[in-house]
Amino acid sequence: MDRNSTIIKTSIIGIITNILLAGFKAVVGIISGSIAIVLDAVNNLSDALSSVITIIGTKLAGKEPDKKHPLGYGRIEYLSAALISVIVLYAGITSLVESVKKIISPELPNYQVSSLVIVVVAVFVKIILGTYVKKVGEKVNSESLVASGEDAKLDSVISASTFLAAIVFIFTKISLEAWLGAIISLVIIKAGLEMLRDNLSLILGERVNNELSVELKKTIASFPEVQGAYDLLLHNYGPDRYIGSVHIEVPENITIPRLDQLQREIVSKVYEEHGVAIEGISIYSQNSDSSKAGKLRNEIAGKIIKNHENVKQIHGFYFDEVKNEVAFDMVVSFKEKDKDKLHDNVIAELKETFPQYNFNINMDRDFSD
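If you're wondering where the values come from, they're calculated on a predicted model, not measured in any experiment. (Residues numbered from 1 in each chain as written. Predicted model: local features only at pLDDT ≥ 70, side-chain atom pairs only at ≥ 80, totals over all residues. Heavy atoms only, no water.)

Asker: I keep staring at the packing of aromatic side chains and nothing clicks. Help me out?
Answerer: The way to describe two aromatic rings as a pair is by their centre distance and the angle between their planes. Counted by the stated rule, this structure contains five aromatic pairs. Plain terms: the ring middles of Phe319 and Tyr357 are 5.3 Å apart, the flat faces sit at 80 degrees to each other, and that makes the pair edge-to-face. With a gap of 38 residues between them, Phe319 in strand S4 (residues 311–320) and Tyr357 in the loop between helix H10 (339–353) and strand S6 (358–365) connect regions that are remote in the sequence. Note on accessibility: Phe319 and Tyr357 belong to one class, buried. Clustering of aromatic rings is evident, with ring pairs tying together Phe319, Phe354, Tyr357 and Phe359. Here Lys63 stacks its cationic end above the ring of Tyr73, 4.5 Å away from the centre of that ring. (Phe/Tyr/Trp six-rings, centres within 6.5 Å; stacked < 30°, edge-to-face > 60°. Helix = DSSP H or I, 4+ residues; strand = E, 2+ residues; numbered from the N terminus. Buried < 20%, exposed > 50% of the residue type's maximum accessible area, 1.4 Å probe, protein only. Lys NZ or Arg CZ within 6 Å of the ring centre and 35° of its normal.)

Here's what the structure looks like:
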C-alpha cells in the first residue's frame, strides 16, 4: 500500500471511531447533565473533522505537478495540518466559554453506571487509536496523522479526568464538572497552539533533518574523487519531496569528461538511496597540501580561523598567485549574532598576518549539519 492510501485508510478509521465515541458521549453527557462529558463528545467530533481534512489534504497534495506549480502540491499537507490545529484551538476556546458559564451558573450532574462504563471504554479506545494513528503518521512522515494521534492520546487523559470527577461526585457530592471542563479546555487550547506553531514552522521552512543531511553527504563523499561535500541546501516541497544543491570538492587535476560523469553518478545515487533530487552541483578545486595554495589554506585555518568559535569551517579555497588574491567560503554558526563584525575581524587578522594578499570571504551559514 502506498503512502497516500495508508494515510487515507488510517484517517477513515479515525473518523468512524470518533463519530461513534462522540455519539455515545453526547447521549451520556446529556442524560447525566455532565458538561465535561458533553465537551469531550464535541472534542471527538473535532477529531473526526480533522481526519476528514487529512484525507482532503492528502488527495490535493498528491496532484501531479502542472505549469503553475511545477514542483507539485506536497506542501498542502502542511496547510491541512495547520487547519486541523485551528479547529482544535477553536474547539478549546468554545469549550472554555461553556465551562465558565457552568461555573457561574452550576448544575449538579446525575451519573449512571452505564455512563461511567462508556467513559472508561472511551479512555482505552482513544489510547489505542492515538498510539496507532501516531505510529502510522511517523512511519509515512505525515504531520497531520501525527497531530491527530497526539490529540487522540490527549483525549484519553481528558476522558480519564472526567471519570475521576464522576467518582469524586458520587462519593462526596462535590461537583468538579465545570472546573474540570475549564481545565480540559485549557489543555485543548494549549495543544492547538503547539500544533499550529509546529505546522507554521514547517510551512516557513525548517532546517533539514540532521540524520538526512549527514547520510546525504556521506553518500556524496562515497565517490573516490569527492574530497568533501559542502553547502548542502534542501528545499522541502512536501513530506517526501526534497530538491536541493550541493558543493563538492574534487582534485585539481580531474578531467572535464570525468567531472561530467561524476555529477551524473552523484545525482543518480542520491535519488536512488534517499529520494532526494539534487538539481545543482557546484565544483571546488582542492589544492594538495604540498602546493602553495594548500599550505596557505592550512596556515590560515590554523592561525586565524580556529580562534573564532562560531566559525565552523572554511572551504572552497582559491588562490590566484598572479593577482595575490585569496578567496574562500567561511561557514558561520547561527549562534553568531553579528556576521559583519566577524567578517571584518577575520579580514583584519588576515591582513595583519598576510599583508601581501587581498582577501575575499564569502560568509556561509550552516544550513545543514
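Asker: Sorry, what's going on with the sheet that holds strand S1 (residues 228–236) here?
Answerer: The pairing of strands in a sheet comes from backbone hydrogen bonds and takes either a parallel or an antiparallel form. The strand order across the open sheet built from three strands is S1-S2-S3, with neighbouring strands paired in mixed fashion. Of all strands in the sheet, those with a lone pairing partner are S1 and strand S3 (276–286), marking the two edges. Looking at each pair of strands side by side, their axes are set apart by 15 degrees on average, direction ignored. Here 10 bridges tie strand S2 (residues 242–251) to S3, and the two strands are oriented parallel to one another. Bridge pairing links Tyr242 to Val276 in S3. Here helix H8 (residues 256–274) sits on the sheet and contacts S2 and S3; the angle it forms with S3, its principal contact strand, is near 140 degrees. (Pairing = 2+ DSSP bridges. Axes fitted to C-alpha atoms, helices over the stretch in contact; angles between N-to-C directions. Contact = heavy atoms within 4.5 Å.)

Asker: Sorry, what's going on with the pairing of S2 here?
Answerer: Residues in a regular strand point their side chains to alternate faces of the sheet. The buried fraction of S2 is high, at seven of 10 residues. When S1 meets S2, the two strands line up antiparallel, connected through seven bridges. The residue bridging Ala229 from the neighbouring strand is Ile248, located in S2. In this antiparallel pair of consecutive strands, S1 and S2, the connection spans five residues, and Gly238 shows a positive phi of 135 degrees.

Asker: What's the story with helix H9 (residues 292–303) in this structure? I'm lost.
Answerer: For an α-helix the count is 3.6 residues per turn, leaving residues at separations of three or four pointing the same way. In this model H9 runs 16 Å from its N-terminal to its C-terminal C-alpha over 12 residues, within 8% of the 16 Å that 1.5 Å per residue would give. Listed in full, the buried residues belonging to H9 are Ala293, Gly294, Leu296, Arg297 and Ile300. Viewed along the axis of H9, the buried residues span an arc of 165 degrees, placing them on a single side of the element. Of the surrounding elements, those touching the buried residues of H9 are S3, S4, strand S5 (325–332), H10 and S6. (Expected span 1.5 Å × (residues − 1). Arc of directions from axis to C-beta.)

Asker: Explanation requested: the sheet that holds S5 in the structure shown.
Answerer: Across the sheet, which stays open at both edges, the three strands sit in the order S4-S5-S6 with mixed pairing between neighbours. The strands lining the two open edges of the sheet, one partner per strand, are S4 and S6. The sheet shows a mean angle of 20 degrees between the axes of neighbouring strands, taken without regard to direction. Pairing analysis gives seven bridges linking S4 to S5, with the strands arranged antiparallel. Bridged to Gln313 within S5 is Val331. Along the sheet, H9 makes contact with S4, S5 and S6, crossing S4 at roughly 150 degrees. Running over the sheet, H10 touches S4, S5 and S6 and is turned about 150 degrees from S6.

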